[in-house]
Amino acid sequence: MDVIETKAPVTRTDLANALRMLAVDAVEAANSGHPGAPMGMADIAEVLWRRHFRHNPANPAWPDRDRFVLSNGHGSMLLYGLLHLTGYDLPLDELRNFRQLHSRTPGHPEYRLTAGVETTTGPLGQGVTNAVGMALAEKLLAEQFNRPGHTIVDHRTFVFLGDGCLMEGISHEACSFAGTLGLEKLIVVYDDNGISIDGHVQGWFTDDTPARFAAYGWRVIRAVDGHDTAAIEAALAEAMTPCGKPTLICCRTVIGKGAPTKAGTHDAHGAALGAKEVAATREALGWLHGPFEVPDDIRAAWDARDAGAQAEREWRARFEAYRAAFPAEAAEFERRVAGRLPDDFASRADAWIAGAAKAEASVATRKASQMAIEGLAPILPEFLGGSADLTGSNLTNWKACRSVNAGAGGTYIHYGVREFGMVAIQNGIALHGGFLPFSGTFLVFSDYARNGLRLAALMGLREIFVFTHDSIGVGEDGPTHQPIEHTASLRLIPNLDVWRPCDVLETAVAWRFGVERNDGPTCLVLTRQNLPNQPGGDDRPALIARGGYVLAGGDADADVLLLATGSEVALAMAARDQLAAKGVAARVVSMPSTTVFDRQDKAYQAEVLPPGVPRVAVEAGVTDGWWKYAGLDGAVIGMNRFGESAPGGKLFAYFGFTPERVTEEALRVARRK
Ligand SMILES: Cc1ncc(C[n+]2csc(CCOP(=O)(O)OP(=O)(O)O)c2C)c(N)n1
Ligand SMILES: [Mg+2]
């Protein structure tokens with residue numbers, strides 16, 4: 001008798017189990033990682049990624065792809081499994097190397113490292129906030145580029161998140177804002193498993209999450225069984241019908257689903273299951289394949305390459321029709337999404353900087369920044385500005401800008417009082433592409449946003465952060481509003497450029513530098529109070545761009561070097577005159593960006609700061625960072641205490657930021673006293 005081999009057809013549970021077991025095996029191999037979330041969300045991921053998610057594994061940069069953000073980034077193996085199985089450039093060996101040095105499968109998903117990872121996640125709450133930025137960018141780009149009968153921007157942003165993201169305050173900032181803006185292509189799936197690291201969340205998280213999101217103005221799909229494929233399918237289908245609101249799908253799930261003794265407990269959250277439990281899980285799931293083994297029929301069912309290529313081909317055909325009808329817009333769209341500056345940017349920026357060099361009026365650097373924005377905006381239609389409810393103080397708006405909050409065609413975002421949300425939303429805008437985003441708040445509140453700034457730097461995003469009211473110069477608002485340690489502490493973040501310019505021209509050059517920089521973010525630290533313009537020749541813009549340069553006294557040997565930034569440059573210049581009257585030759589070095597100066601070649605650094613010449617540094621903030629330039633035999637004039645409430649001018653005198661004090665310290669270090 002012939003033996004006919006019959007093979008059971010692949011079920012959707014099998015497909016989800018492939019994801020589960022890749023996560024289990026990878027965490028086991030690394031003996032480190034988080035199996036619980038991938039096991040709990042595998043069924044949801046299968047429905048989304050195989051039925052609804054529009055992407056092309058062969059081209060993760062396709063501009064009109066849907067975006068997927070794993071906000072609960074500890075579940076990274078879920079994403080790596082999805083990328084691997086659907087056909088991205090992530091071979092099985094990378095999964096075997098989960099969490100190992102130089103693998104493309106680090107502990108938490110990292111932007112740029114792994115094809116298909118849209119943002120770096122792990123710091124809970126920021127992923128969903130990035131996604132709000134992505135969805136907003138999609139909406140604004142569609143407004144700017146789509147034409148009747150020609151829809152070239154039309155994609156969704158999907159998010160997975162867990163209890164942790166919802167507990168984080170930033171999720172309130174972001175989701176409240178998304179509701180107000182009606183970002184209807186944002187679809188968030190909540191992994192409602194009742195567990196976080198410390199155990200059952202009842203003791204610390206009892207919000208009525210659906211009611212909370214309904215109150216934000218979201219559409220909420222409640223109580224979906226996150227292991228019932230048909231129910232998930234129906235919820236996603238509903239979420240994708242437009243209704244003018246973002247959608248939250250609340251899915252009840254079991255963390256570590258499939259692990260016989262650890263499912264439903266925090267033991268499944270963040271540790272390898274252990275050999276015994278892994279074997280029992282295989283048994284329980286009926287997954288009788290070896291570690292990292294995925295049968296061909298299951299692989300074939302996951303493979304999204306053909307469908308993805310087809311989806312992108314269809315879009316390309318639409319884009320070519322758009323190009324035929326709107327050639328200039330098509331070229332501009334391609335430039336914008338590639339993040340290229342306009343071809344004539346350099347020459348137009350040169351002309352604008354030359355104008356800034358002639359500025360006469362004494363203005364605050366925050367005003368100089370607004371003048372820079374005004375000068376750049378006509379050259380850069382990708383500008384997307386904003387402020388956390390301090391527009392009139394940060395001066396981040398410009399004459400022709402229009403509020404995105406007021407209807408279509410906006411280029412300026414009133415973020416409301418949401419500093420952390422603003423920065424992480426802005427990160428999402430930068431990640432999405434098509435815009436050069438910037439935003440403002442008071443420097444003292446940069447702390448609120450700090451981890452978002454850190455992630456911008458880690459991801460190497462081109463963005464500009466305007467921080468005004470940069471010192472005790474703030475005055476009467478007092479110590480709560482007077483930044484002391486902020487500039488110094490921002491300088492500590494790797495890959496974050498920090499500029500504290502002293503006048504109109506330094507501010508203009510700093511802005512240009514931030515715009516042209518394409519491998520990381522730039523902070524501009526600006527004054528509330530007016531500052532005089534400093535002298536210089538035609539070469540001053542090029543010198544400023546080196547981060548530190550000789551502003552005065554470069555033509556002769558100096559007895560002493562005076563280093564200063566921002567509002568203290570004028571003090572140093574006045575002290576130089578006083579010293580000259582005493583027969584002491586002082587050189588003033590303006591250091592608008594120590595971070596940029598530190599990247600200059602050693603020869604240039606030594607030219608600006610000749611070894612052996614005594615030094616005095618002055619900056620109205622903590623002294624720590626300055627000793628590396630001043631040397632231990634030099635002097636640093638700063639303040640290592642909180643400020644006081646009084647008029648700014650009085651405070652400068654009270655805390656010793658005067659030409660006389662600079663002169664005195666200079667005489668002391670130069671041993672003339
Ligand atoms: C801002 C931040 N704080 C703390 C952590 C550490 N952490 C990682 S996962 C987690 C618990 C998250 O709970 P949940 O989102 O419910 O994840 P689940 O256990 O359900 O997978 C914590 C506290 C973090 N990653 N980010
Ligand atoms: Mg949880």
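See the structure printed just above.
Read on for an overview of the structure. (Residues numbered from 1 in each chain as written. Chains lettered and ligands numbered in written order. Predicted model: local features only at pLDDT ≥ 70, side-chain atom pairs only at ≥ 80, totals over all residues. Heavy atoms only, no water.)

Some thoughts on the overall build of the protein chain
Move 1: For the protein chain, the helix and strand inventory stands at 27 helices and 20 strands.
Move 2: Overall, the C-alpha framework of the protein chain stretches about 115 × 60 × 45 Å when taken along its three principal axes.
Move 3: Contacts in the protein chain between residues at least 24 apart in sequence constitute 76% of all its contacts with a sequence separation of at least 6.
Move 4: By element, 52% of the accessible surface of the protein chain is carried by carbon and sulfur atoms, the whole surface being about 25,500 Å². (Helix = DSSP H or I, 4+ residues; strand = E, 2+ residues; numbered from the N terminus. Contact = heavy atoms within 4.5 Å. Areas by Shrake-Rupley, 256 points an atom, 1.4 Å probe, with all protein chains shown as cover.)

Considering helix α12 (residues 305–325)
Move 1: Here α12 is 21 residues long and its end C-alpha atoms lie 30 Å apart, about the 30 Å a rise of 1.5 Å per residue gives.
Move 2: All of the buried residues along α12 are G308, A311, E312, W315, F319 and Y322. One side of α12 holds all its buried residues, which, seen down the axis, span an arc of 90°. The outward face of α12, more than 90 degrees from its buried face, is lined by the exposed residues D306 and A324.
Move 3: Where the residues of α12 are buried, they touch α5 (126–145) and α13 (327–338). (Expected span 1.5 Å × (residues − 1). Buried < 20%, exposed > 50% of the residue type's maximum accessible area, 1.4 Å probe, protein only. Arc of directions from axis to C-beta.)

Looking at the nonpolar core
Move 1: Counting residues in each nonpolar core, the largest one holds 82 residues, and the members touching the most others are F383, W511, V515, V560, L562, L563 and F657.
Move 2: At seven residues, the largest contribution of residues to this core is made by helix α20 (residues 504–516).
Move 3: For F657, the contacting residues outside a window of four places in its chain are I472, E568, L571, V618, E619, A620, I637, G638, M639 and F652.
Move 4: Ranked by size, the runner-up nonpolar core spans 58 residues in total, among them V24, F160, V189 and I232. (Core = buried A, V, L, I, M, F, W, Y, C linked by side-chain atoms within 4.5 Å.)

Focus on the pairing of strand β19 (residues 615–618)
Move 1: The alternating pattern of β19 places R615 and A617 and V616 and V618 on opposite faces, both of which are buried.
Move 2: Here four bridges tie strand β17 (residues 560–564) to β19, and the two strands are oriented parallel to one another. Bridge pairing links L561 to R615 in β19.
Move 3: Both β19 and strand β20 (residues 635–637) contribute to a ladder of three bridges, which runs parallel. Within the sheet, the bridge partner assigned to V616 lies in β20 and is A635. (Pairing = 2+ DSSP bridges.)

Observations concerning the sheet that holds strand β10 (residues 412–414)
Two modes of strand pairing occur in sheets, parallel and antiparallel, and in both the strands are linked by backbone hydrogen bonds.
Move 1: The strand order across the open sheet formed by six strands is β10-β9-β11-β12-β14-β13, and the pairing between neighbours is parallel. In this open sheet, the two strands that pair with only one neighbour each are β10 and β13 (497–499). Here the average twist between neighbouring strands, direction ignored, is 20°.
Move 2: Pairing analysis gives five bridges linking strand β11 (residues 436–442) to strand β12 (residues 464–468), with the strands arranged parallel. Along β12, the bridge assignment pairs F438 with I464.
Move 3: Contacts between α20 and the sheet are confined to β9 (383–387), β11, β12, β13 and β14 (522–525), with β12 contributing the most and set at about 150° to the helix. (Axes fitted to C-alpha atoms, helices over the stretch in contact; angles between N-to-C directions.)

Some points on the site of ligand 1
Move 1: Residues in close proximity to ligand 1 total 15 residues, the closest being G122, G164, N193, I195 and H269.
Move 2: Between ligand 1 and the protein, one listed contact pairs an oxygen atom with a backbone N or O atom of G164 at 2.8 Å.
Move 3: Within the side chain of N193, one N or O atom sits 2.6 Å away from an oxygen atom of ligand 1.
Move 4: A total of 590 Å² of accessible area belongs to ligand 1 in isolation, and the protein chains cover 74% of it.
Move 5: Elements that contribute at least two residues to the shell around ligand 1 include exactly α6 (163–167) and β4 (195–196). (Near = heavy atom within 4 Å. Polar contact = N/O pair within 3.5 Å; in protein donor to acceptor, adjacent residues only side chain to side chain.)

Focus: the pattern of salt bridges
Move 1: All told, the structure shown has 39 salt bridges when counted by the stated rule.
Move 2: For D154, the salt bridge goes to K185, with nearest N and O atoms at 2.8 Å. On the criterion of sequence distance, the pair formed by D154 in the loop between α5 and β2 (157–161) and K185 in the loop between α7 (169–181) and β3 (186–192) is long-range, its members being 31 residues apart.
Move 3: Accessibility expressed as a relative area gives 37% for D154, which makes it partly exposed.
Move 4: Among the residues examined, K185 registers a relative accessible area of 24% and is labelled partly exposed.
Move 5: Overlapping salt bridges bring together R12, E46, R50, R51 and E233 as one network. (Salt bridge = Lys/Arg side-chain N within 4 Å of Asp/Glu carboxyl O.)

Quick word on the sheet that holds β19
Move 1: The mixed open sheet is built from five strands, whose spatial order is β16-β18-β17-β19-β20. The outermost strands of the open sheet, each flanked by one partner alone, are β16 (549–552) and β20. For this sheet, the mean angle separating the axes of adjacent strands, direction not counted, is 30°.
Move 2: Relative to strand β18 (residues 586–590), β16 is paired through three bridges, and the arrangement is antiparallel. Residue pairing for β18: V550 is matched across the bridge by V589.
Move 3: This element, helix α22 (residues 569–581), spans β16, β17, β18 and β19 of the sheet and lies at about 160° to β17.

Details of the packing of aromatic side chains
Move 1: Scanning the entire structure with this criterion turns up 31 aromatic pairs.
Move 2: Ring geometry for F597 against Y629: centres 6.4 Å apart, planes inclined by 65°, an arrangement best described as edge-to-face. A residue pair is termed long-range when its members are at least 10 positions apart, and F597 in helix α23 (residues 594–597) and Y629 in helix α25 (residues 627–630) qualify at 32 residues.
Move 3: On the accessibility criterion, F597 (2% relative accessible area) is buried.
Move 4: Given a relative accessible area of 6%, Y629 falls into the buried group.
Move 5: An aromatic cluster of three or more residues is present, and its members are W62, F145, W315, F319, Y322, F326 and F333.
Move 6: The residue whose ring lies beneath R147 is F326, and the NZ or CZ to ring-centre distance is 5.8 Å.
Move 7: The ring of Y604 carries R546 above its face, with NZ or CZ at 3.8 Å from the centroid. (Phe/Tyr/Trp six-rings, centres within 6.5 Å; stacked < 30°, edge-to-face > 60°. Lys NZ or Arg CZ within 6 Å of the ring centre and 35° of its normal.)

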